[in-house]
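# Reading the structure
Listed here are the chains, written in short residue letters.
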Amino acid sequence: TGEVTPLALAYLRARQADPMCSFGDFAAVSDIVDVATAMVLKKEVSDGIIAPGYEPEALAILASKKGGKFIVLTASENFTPP
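The following paragraphs examine the structure supplied in this document.

Cut-offs applied
Numbering of residues starts from 1 in each chain and follows the order in which that chain's sequence is written. Only residues with pLDDT of at least 70 get local features here, since the model is predicted, and only at 80 or more are side-chain atom pairs given and counted; chain-wide, interface and lining totals rely on the full set of residues. Excluded from the side-chain calculation are hydrogens and water; included are all heavy atoms of the structure. Helix axes are fitted to C-alpha atoms over the stretch in contact, other axes to C-alpha atoms as well, and angles between N-to-C directions run from 0 to 180 degrees. Helical segments are the DSSP runs of H or I of at least four residues, strand segments are the runs of E of at least two, and each set is numbered from the N terminus. For classification purposes, angles smaller than 35 degrees are called roughly parallel, those larger than 145 roughly antiparallel, those between 65 and 115 roughly perpendicular, and all remaining angles oblique. The contact criterion used throughout is that any non-hydrogen atoms of two residues lie within 4.5 Å. For this classification, the nonpolar set comprises Ala, Val, Leu, Ile, Met, Phe, Trp, Tyr, Cys and Pro, the charged set comprises Asp, Glu, Lys and Arg, and every other residue, Gly included, is treated as polar. DSSP-based pairing: two strands are paired if at least 2 bridges between them are found. Here a crossover is taken to be right-handed if, once the strands point away from the viewer, the path from the first strand over the helix to the second is traced clockwise. For each residue, the accessible area found with a 1.4 Å probe, counting protein chains only, is set against the maximum for its type, and the residue is called buried under 20%, exposed over 50%, and partly exposed in between. The arc refers to the directions leading from the helix axis to the C-beta atoms.

On to the packing of helix α2 (residues 35-43) against helix α3 (residues 56-63), then. Remark: α2 packs on α3, axes separated minimally by 8 Å, with the N-to-C direction vectors making an angle of 10°. If you check the angle between α2 and α3, you find them roughly parallel. Residues Val35, Ala38, Met39, Leu41 and Lys42 of α2 lie in contact with α3, whose contacting residues are Glu57, Ala58, Ile61 and Leu62. Within the contact of α2 with α3, the residues separate by chemical class into seven nonpolar, no polar and two charged.

A word on the pairing of strand β2 (residues 48-51). As defined by bridge partners, strand β1 (residues 26-28) adjoins β2 across three bridges and the pair is classed as parallel. Paired with Phe26 across the bridge in β2 is Gly48. In this fold, β1 hands off to α2, which returns the chain to β2; that crossover is right-handed. Looking at chain direction, β2 and strand β3 (residues 71-74) are connected through four bridges and run parallel. Counted as the bridge partner of Ala51 is Thr74 from β3.

By the burial criterion, the buried members of α3 are Ala58, Ile61 and Leu62. Mapping the buried residues of α3 onto a view down its axis gives an arc of 95°, with all of them on the same face. Away from its buried face, by an angle of more than 90 degrees, α3 presents the exposed residues Pro56, Glu57 and Ala60. Those residues of α3 hidden inside the fold are in contact with α2, β2 and β3.

So, on to unusual backbone geometry. At Lys66, a position not held by glycine, the phi torsion is positive, near 55°. Note on placement: Lys66 falls in the loop between α3 and β3. In this structure Lys66 comes out as partly exposed when scored by relative accessible area, which is 43%.

With respect to the helices and strands, the residue Thr37 is situated in helix α2. Given the relative accessible area of 0%, Thr37 is considered buried. Discounting residues that sit within four places of it in the chain, Thr37 has contacts with Thr5, Leu7 and Ala8.

In structure tokens, the structure reads:
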């Protein structure tokens, strides 16, 4: 889709702050990953993502990245830092 959601825009702004040192990175977002954000991530050099959840279509997009070797983690909603 050509839509840029608030989450996708936030990710793009953060990544563009220093795009050269993001190789081999993980994206960490604090909202459910939508299709627009998954499409942005699909094009970027990255090894994985952690988020509180994923829209089904977004999860399918990310699962196909890097030949299925892109790491997709779901953060625990009940986690309380020490």
